[in-house]
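Fold and contact review
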Amino acid sequence: MNVGKDTVVNAIKGDKNSFADLYYCCYKDFYNFALYILGNPEDAADVVADAFVEIWKGIGKLRDADSFAPWAFRILSTRCKKEISGIIKRRETYNIDD
């Protein structure tokens, strides 16, 4: 993920175009990570979308532009863990034999 520091700084300041640049720069890496973890293309795309919404809401609080990548991947990782928990709960709810 090759994100320019200026792009992150501008996104932190609320610039929508800079955030869009971050999205396009990061999406493939985020999607590949989520797909590896979840193993399902639809779930991976949903988790990445949810992560980017959370990133958009919280980026103004990010203090250091250099920490964008680890911060964003932490959000994505948390979203993946929540999705896995949801999958497990759904499997426990439904009896596969029925």
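Read on for a plain summary of the structure. Residue numbers restart at each chain and count upward from 1, following the sequence in its written direction. Local features in this predicted model are restricted to residues whose pLDDT is 70 or higher, and side-chain atom pairs enter the listing and the counts only when it is 80 or higher, whereas totals over whole chains, interfaces and linings include all residues. Side-chain descriptors were evaluated using all non-hydrogen atoms of the structure, hydrogens and water having been removed beforehand.

**Regarding the packing of aromatic side chains**
Classification of ring pairs uses Phe, Tyr and Trp, with its six-membered ring standing for Trp, and accepts pairs whose centres are within 6.5 Å; under 30 degrees between planes counts as stacked, over 60 as edge-to-face, and the remaining range as tilted. For the coordinates displayed, the defined rule picks out 10 aromatic pairs. Arranged with centres 5.4 Å apart and planes meeting at 80°, the rings of Tyr23 and Tyr24 form a pair that is edge-to-face. Partly exposed residues are those whose accessible area sits between 20% and 50% of the maximum for their type, while under 20% is buried and over 50% is exposed, using a 1.4 Å probe and protein chains only. Overall, the relative accessible area of 29% leaves Tyr23 in the partly exposed class. Aromatic pair Tyr27 and Tyr31: ring centres 6.0 Å apart, planes at 15°, arrangement stacked. On the criterion of helical spacing, the pair formed by Tyr27 and Tyr31 is a turn pair, its members being 4 residues apart in helix H2 (residues 16-38). For Tyr27, a relative accessible area of 26% puts it in the partly exposed group. Grouping aromatic residues by their ring pairs yields a cluster made of Phe19, Tyr23, Tyr24, Tyr27, Phe30, Tyr31, Phe33, Phe52, Trp56 and Phe73. Elements are defined by DSSP. Helices are runs of H or I of four residues or more, strands are runs of E of two residues or more, and each kind is numbered from the N terminus.

**Section: H2**
A maximum bend of about 45° is found in H2 at Cys26. Turning to H2, its buried residues are Ser18, Phe19, Leu22, Cys26, Phe30, Tyr31, Ala34 and Leu38. Gly39 sits one or two positions beyond H2 and adopts a positive phi of about 75°. Note that the bend at a residue is defined as the angle between axes fitted to the seven residues ending at it and the seven residues starting at it.

**Considering the packing of H2 against helix H3 (residues 41-58)**
Contact geometry of H2 with H3 gives a least axis separation of 9 Å together with a crossing angle of 140°. The two elements H2 and H3 cross, and the hand of that crossing is right-handed. Contact residues: H2 offers Lys16, Phe19, Tyr23, Cys26, Tyr27, Phe30, Tyr31, Ala34, Leu35 and Leu38, while H3 offers Pro41, Asp43, Ala44, Ala45, Val47, Val48, Phe52, Ile55 and Trp56. Only Asp, Glu, Lys and Arg are considered charged in this grouping, and only Ala, Val, Leu, Ile, Met, Phe, Trp, Tyr, Cys and Pro are considered nonpolar; every other residue, Gly among them, is considered polar. Of the residues contributing to the contact of H2 with H3, the split by class is 17 nonpolar, no polar and 2 charged. To obtain each axis, a line is fitted to C-alpha atoms, and for helices this fit is confined to the stretch in contact; angles are then taken between N-to-C directions over 0 to 180 degrees. Left-handed describes a crossing in which the near helix is turned anticlockwise from the far one by less than a right angle; the clockwise case is right-handed. It only takes one pair of heavy atoms within 4.5 Å for two residues to be counted as in contact.

As far as function goes, none of this settles anything; it's purely spatial.
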